[in-house]
Amino acid sequence: MCAIAGLFAYPGAPEEQRGVLSRMIATLAHRGPDGHGVFVDGPCGLAHARLSIIDLATGAQPMSSADRALTVSFNGEIFNYRELREDLIAKGHVFRTTSDTEVILEAYRAWGPDCVTRFNGDFAFALWDAAAGRLMLARDRMGVRPLFYADRGAMLAFASEMKALFEAPGIAPELDFIALDQIFTTWAPIAPRTGFEGILELPPGHLMLVTATGRAVRPYWRLDYPDAADAPPIAEKAAAEQLRALLADATRIRLRADVPVGAYLSGGLDSCVVAALARGEISERLKTYSVTFEDAAFDESAFQHLMSRSLGTNHLSVSCSASAIGSALPVIVAHAERPILRTAPAPLFLLSDAVREDGLKVVLTGE
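Residues numbered from 1 in each chain as written. Predicted model: local features only at pLDDT ≥ 70, side-chain atom pairs only at ≥ 80, totals over all residues. Heavy atoms only, no water.

### Looking at the overall build of the chain
Within the chain, the secondary structure is distributed over 10 helices and 16 strands. Computed over its C-alpha atoms, the radius of gyration of the chain comes to 22 Å, within 12% of the 21 Å expected for a compact globule of 367 residues. Put simply, the chain has 367 residues, and 46% of those count as buried. Partitioning the contacts of the chain with sequence separation of at least 6, the portion at a separation of at least 24 is 62%. A distance of 4 Å separates the average location of the 34 positive side-chain charges in the chain from that of its 44 negative side-chain charges. (Helix = DSSP H or I, 4+ residues; strand = E, 2+ residues; numbered from the N terminus. Rg over C-alpha atoms; globule rule 2.2 N^0.38 Å. Buried < 20%, exposed > 50% of the residue type's maximum accessible area, 1.4 Å probe, protein only. Contact = heavy atoms within 4.5 Å. Lys, Arg positive; Asp, Glu negative; His and termini not counted. Charge placed at Lys NZ, Arg CZ, Asp CG, Glu CD.)

Below, the structure is given as structure tokens:
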């Protein structure tokens, strides 16, 4: 997963700021067990906890450009980083690593904050532009990767999870009762509100520019629903072929990793389609994972094993009992950082633990 954290205009000395950043990122070690880093330059401090997936040797973060003008702390993946890298090299940009992280730096150098419109990925990142004295925060179009912040006048704190913010001075967890009402109505608070008073999330498809003189939040992408009357007609067969091509491409670029990639196989349509497409893209035997239930009303193991045999995958199932779900709920609520109104996250949490124990860091899902 990786995790990012940071501070802008911290009031204390640089060494004190480093200490706060270290404590902030330590609370997120579960997101990035493979490495930790802290960077401080003038008013900006960045921290990172790494789960290494691409460029295992030289992808450490926070990562600075060769001229030290730009520094980024990044959570997620830029799936089209290879294509962007080729475009940037053609423009004269020089790369020292093979990571998607460095592509963010050079894309920003080429196109400024609008670089995010070129990214196909799931991401949340903080990029410090030393020459401009400007910090940029950005979040992917659909909000897959989280990014929270607290604005305390002069100081801004941000992180991948809210618990890290409470390590910064002057920030304490206090319930937001309007958000609580939203959670019990819509299952989640409505962005930018969170369950905590004064803690906001950067909405999906938005970026924030931070300087000594202010903050500006703006969207860089919105869902577009064209009027049906204006949409060109398309035959069912052509639509099906287009959908298949899009799904195949989405699966292919998500298999770009320097570690093995597996797939969840619930037995439902979505995960079966993704697993089948992934199986066609890799040469080795695909590892698949699923949850089974004691309650026959929820158990789909027959469909899981049918698909596993059909695809020839190396399949692992995790049996999930009601007591296991109950035992897991406290830690799940701690990670979700808000009330949970249904138990569905518990089986997925237990399954992800089994995947990690099996040696994998990355799985494709049908979400």
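### So, the side chain of Ser-290
Note on placement: Ser-290 falls in strand β14 (residues 287-293). Within polar-contact distance, the side chain of Ser-290 engages the side chain of Ser-317 at 3.2 Å. If we ignore the near neighbours within four places in the chain, the residues touching Ser-290 are Leu-265, Gln-304, His-315, Leu-316, Ser-317, Val-318 and Leu-351. (Polar contact = N/O pair within 3.5 Å; in protein donor to acceptor, adjacent residues only side chain to side chain.)

### As for the packing of aromatic side chains
Within this structure, the stated rule accounts for 6 aromatic pairs. Judged by centre distance (5.8 Å) and plane angle (90 degrees), the rings of Phe-119 and Phe-123 are edge-to-face. Phe-123 shares its class with Phe-119; the two are buried. Aromatic pair Phe-119 and Phe-125: ring centres 6.4 Å apart, planes at 65 degrees, arrangement edge-to-face. With a relative accessible area of 0%, Phe-125 lands in the buried category. Put simply, the rings of Phe-119, Phe-123 and Phe-125 touch in pairs and so form one group of aromatic residues. (Phe/Tyr/Trp six-rings, centres within 6.5 Å; stacked < 30°, edge-to-face > 60°.)

### Some details on the sheet that holds strand β3 (residues 44-50)
Spatial ordering of the open sheet is given by β2-β3-β1-β9-β8-β10, a layout of 6 strands whose pairing is antiparallel. Among the strands making up the open sheet, the edge pair consists of β2 (35-41) and β10 (200-201). The pairing of β2 with β3 spans 7 bridges and is antiparallel. Note on β3: the bridge partner recorded for Phe-39 is Leu-46. Against the sheet, helix α1 (residues 14-26) touches β1 (3-8), β2, β3 and β9 (155-159), its axis set at about 150 degrees to β1. (Pairing = 2+ DSSP bridges. Axes fitted to C-alpha atoms, helices over the stretch in contact; angles between N-to-C directions.)

### Concerning the nonpolar core
Counting residues in hydrophobic clusters, the biggest one holds 44 residues, and the most contacted among them are Val-116, Phe-119, Phe-123 and Phe-125. The element contributing the most residues to this core is helix α3 (residues 100-111), with 6 residues. Contact partners of Phe-125, with chain neighbours within four places excluded, come to Ile-4, Val-72, Ser-73, Phe-74, Ile-104, Val-116, Phe-119, Met-136, Leu-137, Ala-138 and Leu-147. (Core = buried A, V, L, I, M, F, W, Y, C linked by side-chain atoms within 4.5 Å.)

### Quick word on helix α8 (residues 301-311)
Of the positions making up α8, those classed as buried are Ser-301, Gln-304, Ser-308 and Leu-311. Across the axial projection of α8, the buried residues extend over an arc of 100 degrees, all falling on one side. For α8, the exposed residues set more than 90 degrees away from the buried face come down to Ala-302, Arg-309 and Ser-310. The secondary structure elements touched by the buried residues of α8 are α7 (269-279), β14 and β15 (314-320). At the exit of α8 stands Gly-312, carrying a positive phi of roughly 70 degrees. (Arc of directions from axis to C-beta.)

### Quick look at the state of the cysteines
This structure, assessed with the given rule, holds 0 disulfides. The closest cysteine sulfur to the non-disulfide-bonded Cys-115 is located on Cys-44, 16 Å from its own sulfur. Exposure remark for Cys-115: the relative accessible area of 1% places this residue in the buried category. Cys-272 forms no disulfide, and the closest cysteine sulfur to it belongs to Cys-320, at a distance of 19 Å. The class for Cys-272 is buried, based on a relative accessible area of 10%. (Disulfide = S-S within 2.5 Å.)

### A look at unusual backbone geometry
Residue Gln-61 is joined to Pro-62 through a cis peptide bond whose omega torsion reads -5 degrees. Structurally, the position occupied by Pro-62 is in the loop between β3 and β4 (63-64). Unlike most non-glycine residues, Arg-68 shows phi in positive territory, near 65 degrees. By secondary structure assignment, the location of Arg-68 is in the loop between β4 and β5 (70-78). In this model, Glu-337 sits at a positive phi of 60 degrees, which is unusual for a non-glycine residue. With respect to the secondary-structure elements, Glu-337 resides in the loop between α9 (322-336) and α10 (345-357). For Glu-337, a relative accessible area of 11% puts it in the buried group.

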